[in-house]
Amino acid sequence: MINQKKYFLKKLQKAQEQGKIHNIDFYCCTLLIPNAPSEIKLIILYLSYAIHWGHSCLPVKLFKKKFFLEKKDSFIKYLWSSIIHTKSWFQCILKSKFCSNGSIVTPLVFQKEKIYLYRYWNSERKIINFIIHHQEITDQKIKKYRILFKKYCTKNIDKVQKIAIGVMLLNNISFILGGPGTGKTSIITYLILLLIKSTKKNINIQLTAPTGKAASRITEVVYQKLSTKNLTVKEKRFLPKKGITLHRLFNIQKNTNEIHSYKYIKKKISNIDLLIIDEASMIDLYMMENISNIIQKKQK
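Keep in mind it's a predicted model, so treat the numbers as computed, not measured.

Draft legend 1. Representation of the sheet that holds strand β3 (residues 108-111) within the structure. The strand order across the open sheet formed by four strands is β1-β4-β3-β2, and the pairing between neighbours is mixed. The two strands at the open ends of the sheet, each matched to only one other strand, are β1 (57-59) and β2 (99-100). Here β3 pairs with strand β4 (residues 114-117) via four bridges, running antiparallel. Opposite Val109, over in β4, you have Tyr116 as the bridge partner. Lying on the sheet, helix α7 (residues 118-133) is in contact with β3 and β4; it crosses β4 at an angle near 105 degrees.

Draft legend 2. Spatial organisation of the pattern of salt bridges. Inspection of every chain in the model, using the stated rule, returns three salt bridges. Of the charged contacts, one joins Lys126 and Glu289 as a salt bridge, the two residues approaching to 3.5 Å between their closest N and O atoms. Of this pair, Lys126 sits in helix α7 while Glu289 sits in helix α15 (residues 285-299); the two residues are 163 residues apart in sequence, bridging distant segments of the chain. The residue Lys197 makes a salt bridge to Glu235 at a minimum N-O spacing of 3.0 Å. In this pair, Lys197 sits in helix α10 (residues 184-197) while Glu235 sits in helix α12 (residues 233-236), placing the two residues 38 residues apart along the sequence.

Draft legend 3. Expanded view of the packing of helix α9 (residues 159-170) against α10. Here α9 crosses α10 at 45 degrees, and the two axes come no closer than 10 Å. Relative to α10, the element α9 is oriented oblique. Between α9 and α10 the crossing geometry is right-handed. Where α9 approaches α10, its residues Gln161, Ala164, Ile165, Met168 and Leu169 are matched on the opposing element by Ser186, Ile187, Tyr190, Leu191, Leu194 and Leu195. Residues belonging to the contact of α9 with α10 are distributed by class as follows: nine nonpolar, two polar and no charged.

Draft legend 4. Seen up close, the confidence of the model for the protein. Residues at a pLDDT of 70 or more form 81% of the protein, whose mean pLDDT is 81. In the model, residues 67-72 has pLDDT below 50 throughout and makes 11 contacts with residues more than four positions away in sequence or in other chains.

Draft legend 5. Summary view of the sheet that holds strand β6 (residues 244-245). Taken in spatial order, the three strands make up an open sheet running β6-β5-β7, and their pairing is parallel. Where the open sheet ends on each side, the last strands, each with one partner, are β6 and β7 (274-277). Relative to β6, strand β5 (residues 205-209) runs parallel, the two sharing two bridges. By the bridge assignment, Thr208 is partnered in β6 with Ile244. Relative to β7, α10 is tilted by about 175 degrees, and along the sheet it contacts β5 and β7. Seen against the sheet, helix α11 (residues 212-227) touches β5 and β6 and runs at an angle of roughly 140 degrees to β5.

The rules behind each value
- Residues numbered from 1 in each chain as written.
- Predicted model: local features only at pLDDT ≥ 70, side-chain atom pairs only at ≥ 80, totals over all residues.
- Heavy atoms only, no water.
- Pairing = 2+ DSSP bridges.
- Helix = DSSP H or I, 4+ residues; strand = E, 2+ residues; numbered from the N terminus.
- Contact = heavy atoms within 4.5 Å.
- Axes fitted to C-alpha atoms, helices over the stretch in contact; angles between N-to-C directions.
- Salt bridge = Lys/Arg side-chain N within 4 Å of Asp/Glu carboxyl O.
- Parallel < 35°, antiparallel > 145°, perpendicular 65-115°, else oblique.
- Left-handed = near helix turned anticlockwise from the far one by under 90°.
- Nonpolar A, V, L, I, M, F, W, Y, C, P; charged D, E, K, R; others polar.
- pLDDT = per-residue confidence, 0-100.

Following this line, the structure appears as structure tokens:
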């Protein structure tokens, strides 16, 4: 086993030097649990590599089928075949002390036929719980928006857009999905219009995005669209005029995604009634976890 570990580490170091694997993937699988079997390190290596492609986990069936052997990369084939020698190897991993269902902290988490690194499983779990626990549909909300919805959602928008607007009005957190030209900006425009019309109080609306260009663009388009609507002078004061980046809004350092001073941020965003994030698909798991943590702290 010791010889195998040394052999595996030597191959990884060589692959790192040749640029076949990222530095972060190398350090993740070698330093995270230095005394772990090579099979565990191999799984961590692939999970860490998958994160670069936007995957927080990998289906277990991929490991069972040895799908990596089908890859054309000779290094992957060589590395895999040198470590894996039995058909039942993965089942042994799932039953080992290095893997759990998340109830205890282990390097790997197995849940719903998927395998995670604990850090990413925990982040994903927190985000999902945040979304689920912040939904609230009441009869009062339905009655409140029904008249306004019929009055201002005209024939200029289609049935699907109307449904999307209704869903957003009834839920505290919503996601709009769709390609370019599908009407996402129009949905946001009507959402803001109805929210402004539904209250006599001041309403603070903040538009933001992962990049400065995207934040400026969404603000400009939404402002232009809303300027043509039937709004009073007072209502026009509530229109969002300046978009900012997520990093600036939440005081998050770009290189590390670390938050500086929750107390300062809580005060900064305490008066925001509606937060709209454009291009949310660009947000990584850490950033989304930070956003959910900040909003929860704001509400306490």
